[in-house]
Amino acid sequence: METKLIQDATGKRKTGIYSGSFNPVHIGHLALANWLCEFTELDELWFLITPHNPLKAKGELMDDRLRYELVKKSIAGYPKFQASDFEFSLPQPTYTIHTLRALEKNYPDREFYFIMGADNWKYITRWVEYESIVSNYPIFIYPRKGFDVEIPAQYPHIKLVDAPLIEISSSFIRQAYEAGKDVRFFLPEAIRNLPF
Ligand SMILES: Nc1ncnc2c1ncn2[C@@H]1O[C@H](COP(=O)(O)OP(=O)(O)OP(=O)(O)O)[C@@H](O)[C@H]1O
Ligand SMILES: O=C(O)c1ccc[n+]([C@@H]2O[C@H](COP(=O)([O-])O)[C@@H](O)[C@H]2O)c1
């Protein structure tokens, strides 16, 4: 396992990396990200739209740019949020460790915190070079229903945060739309009337 020292990078902007498919972005995503920016040490949070999660089928995904534009519209006006298409130019499928290394290289003035749900934490050992991720980056794990979180003591830079649980998923929204349901209030106001 790598042993790079986790530094308290004073002076660097603490930037949360909230990555996912966002297919589409929903109010659960926004509320969690908002909470992280206001109730933790993060200065900012980037929504990093993943072109292709290596553990998910690409077929059911909306176009990358459309998912990015939907996030951009949804977060407009809140200064601590940014939408990022950083992964669009990386080799596909994108592996998180490669993304984090490329981010560090491109933004030396920032300290990146990886944001991860308790559901993803449970299966972290399936991720490429997961030891490097958990050893080298601060991580905030947020609770998800049905997933207990255990963090080995050797990772003091990994924290379970006390964020409220809002159990909405993009797949629920997609299925509801397909069934002809009107679930407009699950979507950020700015994108309610857009096609997806
Ligand atoms: N209700 C929620 N509250 C907070 N974060 C969430 C919620 N649902 C998903 N996330 C997190 O948001 C990021 C993007 O998730 P993703 O795009 O997979 O959303 P999802 O709603 O889980 O999608 P899907 O239902 O298509 O799997 C991931 O880190 C995921 O853990
Ligand atoms: O790097 C990996 O091996 C890896 C395996 C599974 C998921 N991820 C990343 O985890 C993030 C959350 O994915 P998702 O689709 O659940 O929102 C997204 O950025 C994926 O690329 C990364």
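Residues numbered from 1 in each chain as written. Chains lettered and ligands numbered in written order. Predicted model: local features only at pLDDT ≥ 70, side-chain atom pairs only at ≥ 80, totals over all residues.

An unreviewed UniProt entry lists the protein under the name Probable nicotinate-nucleotide adenylyltransferase, with Parabacteroides acidifaciens as the source organism. The UniProt entry for the protein carries the following comment under Catalytic activity (unreviewed entry): "nicotinate beta-D-ribonucleotide + ATP + H(+) = deamido-NAD(+) + diphosphate". Of the protein, the UniProt comment under Sequence similarities (unreviewed entry) reads exactly: "Belongs to the NadD family." (UniProt positions renumbered as here; feature names shortened; annotations may be inferred.)

Colleague: Describe the confidence of the model for the protein, listing the residues and the values that go with them.
Modeller: Per-chain confidence: the protein averages 92 in pLDDT, with 93% of residues scoring 70 or above. Below a pLDDT of 50 lies the segment residues 1-7, which in the model reaches 11 contacts outside its immediate sequence neighbourhood of four places, other chains included. Reported confidence for the predicted complex is 0.90 by ipTM and 0.92 by pTM. (pLDDT = per-residue confidence, 0-100. Contact = placed C-beta atoms within 7 Å.)

Colleague: Got a sec to walk through the site of ligand 2? Specific residues and values, please.
Modeller: Near ligand 2 there are 15 residues, and of these Ser19, Gly20, Asn53, Thr96 and Trp127 occur at the shortest range. Of all elements in the fold, only strand S1 (13-20) and helix H3 (96-106) reach the threshold of two or more residues within the shell around ligand 2. Split by residue class, the shell around ligand 2 holds six nonpolar, eight polar and one charged. (Near = placed C-beta within 6 Å. Helix = DSSP H or I, 4+ residues; strand = E, 2+ residues; numbered from the N terminus. Nonpolar A, V, L, I, M, F, W, Y, C, P; charged D, E, K, R; others polar.)

Colleague: Explain H3 to me, using residue names and the numbers behind them.
Modeller: All of the buried residues in H3 are Thr96, Thr99 and Leu103. The arc enclosing the buried residues of H3, seen along the axis, measures out at 60°, which places them on a common side. Check the buried side of H3 and you find it contacts S1, strand S4 (110-117) and helix H5 (130-136). (Buried ≥ 20, exposed ≤ 12 C-beta atoms within 10 Å, placed from the backbone. Arc of directions from axis to C-beta.)

Colleague: Could you give an account of the pairing of strand S2 (residues 44-49), naming the residues involved and the relevant values?
Modeller: Burial runs high along S2: five of the six residues are buried. Relative to S2, S1 runs parallel, the two sharing six bridges. Bridged to Ile17 within S2 is Trp46. Handedness of the S1-helix H1 (residues 27-39)-S2 crossover: right-handed. Inspection of the sheet shows S2 paired to strand S3 (residues 81-84) by four bridges, in the parallel sense. Opposite Trp46, over in S3, you have Gln82 as the bridge partner. (Pairing = 2+ DSSP bridges. Right-handed = clockwise from strand over helix to strand, strands pointing away.)

Colleague: Mind laying out the site of ligand 1, listing which residues take part and the relevant values?
Modeller: Taken together, 15 residues lie near ligand 1, and Gly20, Gly28, Gly117, Ser170 and Ser171 sit nearest. Elements represented by at least two residues in the shell around ligand 1 include exactly H1 and helix H6 (170-178). It is H1 that provides the largest number of residues to the shell around ligand 1, a total of three residues. Partitioned by chemical class, the residues of the shell around ligand 1 number four nonpolar, 10 polar and one charged.

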